[in-house]
Amino acid sequence: MENNEKYAFLGGTHSKKFLFANVALALIYFVAISFFFQHGNIILFTALIAGEVFHVLQIIGYAMTVWNPVKSRRFNHSFNQNVDIFITVAGEPTEVVERTVIAAKNIDYKYKFIYILNDGFVAGKENWREMEDLAKKHSITCITRRKPGGAKAGNINHAISKTKSPYVVIFDADHVPKPAFLKKTLGFFIDRKMGFVQTPQFYENQKVNKITQTAWDQQALFFGPIMKGKNLTDAVFMCGTNMVLSREALKDAGGMCEFNIAEDFLTSLFMHEKGWKSVYVPEVLAEGLAPEDFLSYYKQQYRWTRGSLEVIFKYNPLLRRGLSWSQRLQYLISASYYLTGVVVLIDALIPLIFLFTGITAIVTSSMLLALIFVPYIFLCLYILQQTSNSMYTFRAISFSIGSFYLQIRAIIAVLLNQKTSFVVTSKSAVEGNFLYLSIPHIIYIVLAVIGTLVALSREGFSASLLANLSWVIVNIVAFIPFIAASAPEGFIKNFFVKYLTGSKKHSTSKVTNK
């Protein structure tokens, strides 16, 4: 029963009628605001329409992805080949790595060779020698790089040159495999064109705090309906850990991509355009650690965003000749998700501009627009809940919306070709006050308060003010969990308690003086 609850994200279902209705409502809403309402300021209207085009494409893309998640694959339980198990390490705590080493040794498979890929020396970590001692303790091999380059991808490529088994398993230092890992994955390689097999990246520490829980809630949607749906079109991509690769396929793709911080995503694309296949196994076969603090979460999200956006701007899937059209669309849908930040900014600024200026994107004084929009947005949320088996929470949505600024930063970094180094996510909580990461959100709230006062003095409680103020409030409500997570535990509560207490004392003092 406990495992059923833990792994509930894999049990999502959906109604094709609801998926179709969601797409239909999205299109109706788009057509309505485009052609049936009076246009306001041309710049704001154009920005609004651009944002809605993005929303519609994402909704269609999601429906296409989850529409039919079942595809039969050949699997041979008796398939046996030598396998090299790589545990990538770059300064993680020794006790964390040892758990993974012990679990790797306990994988129920005879023809395996276990390696610690020790990047601690080139990364300047103090415990790099401990990895060599750990390998000796458990009678496995430690490959310590002495020449830097390529971060995690370079570490893997270096190990590939030192090993020879036809299949390679990759685990991050904190991802502890289950004994059945190879028995549930290796049999797919009976298909000689199978390039890699990916399994879920499950967080065993998801209950530690709100950050770990939210990080997992976001992952649950991806490793549940989205990755299962990508099986149909051979568009499953590698996710950095808990995966088995064909050495031949990896070499055919030029090795792990060393010039992108999301090396797994781009390497998958290169494999697919060479004609290699992939499969996602929707079963938790390893458990790892989610970031336990806001800063680590933020950095991880930035790294994923930056790496994925490079696929769009530098290796656009639509222009890759070796991919099928369904693969091109799937890669584009996945990578373009990180453009959401621009759309969130547009949707947040349009009502704010109205508060200060009275300028609108569209002109409407009726509730007709709301009558179209409300069913559309509620159906969107219902489908997310249905397909994720109710695992996609409000806080997960809030963090996705709240990440708009880091996504915009990543877009600028890609366009300006700024260098971004690969940073290993901390395996323990980093303490501190990270409110500075929420400054754009706090500024928005302050501007919203000032703008409301300006609008009230200009036109009172008009229908336009109430409509735009409602949108501002929705944005603020979405930002609040993100802001709260960036502050130290209890900081915001203590701040308001102190403020209110101070105000009360000040008031009492005035009465006494009288």
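Our subject is the structure listed above.
Keep in mind it's a predicted model, so treat the numbers as computed, not measured. (Residues numbered from 1 in each chain as written. Predicted model: local features only at pLDDT ≥ 70, side-chain atom pairs only at ≥ 80, totals over all residues. Heavy atoms only, no water.)

Asks: How should I be thinking about the state of the cysteines in this particular structure?
Replies: All told, the structure shown has zero disulfides when counted by the stated rule. Sulfur of Cys-239: no disulfide; nearest cysteine sulfur belongs to Cys-257 and is 15 Å away. (Disulfide = S-S within 2.5 Å.)

Asks: Would you mind showing me how to read the packing of helix α10 (residues 294-314) against helix α11 (residues 325-336) here?
Replies: Angle between the axes and distance between the axes are the two parameters that describe a pair of packed helices. Close contact between α10 and α11 brings their axes to 8 Å; oriented N to C, the two are set at 130°. What the angle tells us is that α10 and α11 run oblique. Classified by chirality, the crossing of α11 by α10 is left-handed. Only Leu-332, Ala-335 and Ser-336 of α11 make contact with α10, whose side of the interface consists of Ser-308, Leu-309, Val-311 and Ile-312. (Axes fitted to C-alpha atoms, helices over the stretch in contact; angles between N-to-C directions. Helix = DSSP H or I, 4+ residues; strand = E, 2+ residues; numbered from the N terminus. Parallel < 35°, antiparallel > 145°, perpendicular 65-115°, else oblique. Left-handed = near helix turned anticlockwise from the far one by under 90°. Contact = heavy atoms within 4.5 Å.)

Asks: Would you mind showing me how to read the environment of Ala-180 here?
Replies: Counting through the fold element by element, Ala-180 comes out in the loop between β6 (176-177) and β7 (194-198). A sequence separation of 74 residues divides Ala-180 from Asn-106, and the C-alpha atoms of the two residues are 9.2 Å apart.

Asks: Where do I start with the nonpolar core in this structure?
Replies: One recurring pattern in soluble globular proteins: nonpolar side chains tend to sit buried together. In this structure, Phe-9, Phe-86, Leu-245, Met-271 and Phe-294 are the most contacted members of the largest nonpolar core, which totals 101 residues. Once residues lying within four places of it in the same chain are set aside, the contact partners of Phe-86 are Tyr-115, Leu-117, Ile-156, Ala-159, Ile-160, Thr-163, Val-168, Val-169, Ile-170 and Phe-171. With 32 residues, the next largest nonpolar core counts Val-83, Val-89, Val-97 and Ala-135 among its residues. (Core = buried A, V, L, I, M, F, W, Y, C linked by side-chain atoms within 4.5 Å. Buried < 20%, exposed > 50% of the residue type's maximum accessible area, 1.4 Å probe, protein only.)

Asks: Honestly, the environment of Phe-113 in this entry has me stumped. Any pointers?
Replies: Considering the arrangement of structural elements, one finds Phe-113 in strand β3 (residues 112-118). Owing to a relative accessible area of 39%, Phe-113 belongs among the partly exposed residues under this scheme. Spatially, the C-alpha atom of Phe-113 lies 55 Å from that of Ile-49, the residues being 64 residues apart in sequence. Sequence-distant contacts of Phe-113, that is, excluding residues within four places in its chain, are made with Asn-82, Val-83, Asp-84, Ile-85 and Ser-165.

Asks: I would appreciate a short explanation of the packing of helix α16 (residues 439-459) against helix α17 (residues 463-486) in the present structure.
Replies: Remark: α16 packs on α17, axes separated minimally by 10 Å, with the N-to-C direction vectors making an angle of 165°. Between α16 and α17, the crossing angle belongs to the class labelled roughly antiparallel. Pair α16 / α17 crosses with left-handed handedness. Taken together, the residues of α17 that come into contact with α16 (itself represented by His-441, Ile-442, Tyr-444, Ile-445, Ala-448, Thr-452, Ala-455, Leu-456 and Glu-459) are Ser-464, Leu-465, Leu-469, Val-472, Asn-475, Ile-476, Phe-479, Phe-482 and Ile-483. Class assignment for the residues of the contact of α16 with α17 results in 13 nonpolar, four polar and one charged. (Nonpolar A, V, L, I, M, F, W, Y, C, P; charged D, E, K, R; others polar.)

Asks: Looking at this structure, I do not really get the sheet that holds strand β8 (residues 202-203). What am I missing?
Replies: Strand pairs in the sheet, formed through backbone hydrogen bonds, run parallel or antiparallel to each other. What the three strands build is an open sheet, ordered β6-β11-β8; its pairing is mixed. Looking at the sheet topology across the chains shown, the edges are occupied by β6 and β8. Across two bridges, β8 lies against strand β11 (residues 286-288) in parallel orientation. Counterpart to Tyr-203 in the pairing with β11 is Gly-288. (Pairing = 2+ DSSP bridges.)

Asks: Is there a simple way to explain the sheet that holds strand β10 (residues 277-280) in this structure?
Replies: Read from one edge to the other, the open sheet built from seven strands follows the order β4-β3-β2-β5-β9-β7-β10, with strand pairing classed as mixed. Of all the strands in the sheet, just β4 (141-144) and β10 have a single pairing partner and so form its edges. Along the sheet, successive strands turn relative to each other by an average axial angle of 25°, direction set aside. Here seven bridges tie strand β2 (residues 83-89) to β3, and the two strands are oriented parallel to one another. Bridge pairing in β3 links Phe-86 to Tyr-115. Most of the contacts of helix α6 (residues 151-162) go to β2, to which it runs at about 145°, and overall it touches β2, β3, β4 and β5 (167-172).

Asks: Looking at this model, I keep getting lost on the pattern of salt bridges. Mind explaining?
Replies: Opposite charge on two side chains permits pairing when their charged atoms draw close. In this structure the tally under the stated criterion is 15 salt bridges. Linking Asp-119 and Arg-145 is a salt bridge whose minimum nitrogen-to-oxygen distance equals 2.7 Å. Note that Asp-119 is positioned in the loop between β3 and α5 (128-137) and Arg-145 in the loop between β4 and α6, a separation of 26 residues in sequence. Owing to a relative accessible area of 6%, Asp-119 belongs among the buried residues under this scheme. A residue is classified by how much of its surface remains accessible, and Arg-145, at 5% relative accessible area, is buried. Residues Lys-314 and Glu-310 are paired through a salt bridge, measuring 4.0 Å at the closest nitrogen-oxygen approach. Note that Lys-314 and Glu-310 are positioned in helix α10 at a spacing of four residues, about one turn of the helix. The partly exposed category is assigned to Lys-314, whose relative accessible area is 38%. (Salt bridge = Lys/Arg side-chain N within 4 Å of Asp/Glu carboxyl O.)

Asks: In this structure, what is going on with the pairing of β2? I would like to understand it.
Replies: Put simply, side chains in a regular strand alternate between the two faces of the sheet. Counted residue by residue, β2 has seven buried out of seven residues, so it is predominantly covered. Here β2 shows a buried face lined by Val-83, Ile-85, Ile-87 and Val-89 and a second buried face lined by Asp-84, Phe-86 and Thr-88. Between the parallel elements β2 and β3, the chain passes through helix α4 (residues 94-105) in a crossover that is right-handed. By the bridge criterion, six bridges tie β2 to β5 in an arrangement that is parallel. Looking across to β5, one finds that Ile-85 is bridged to Val-169. (Right-handed = clockwise from strand over helix to strand, strands pointing away.)

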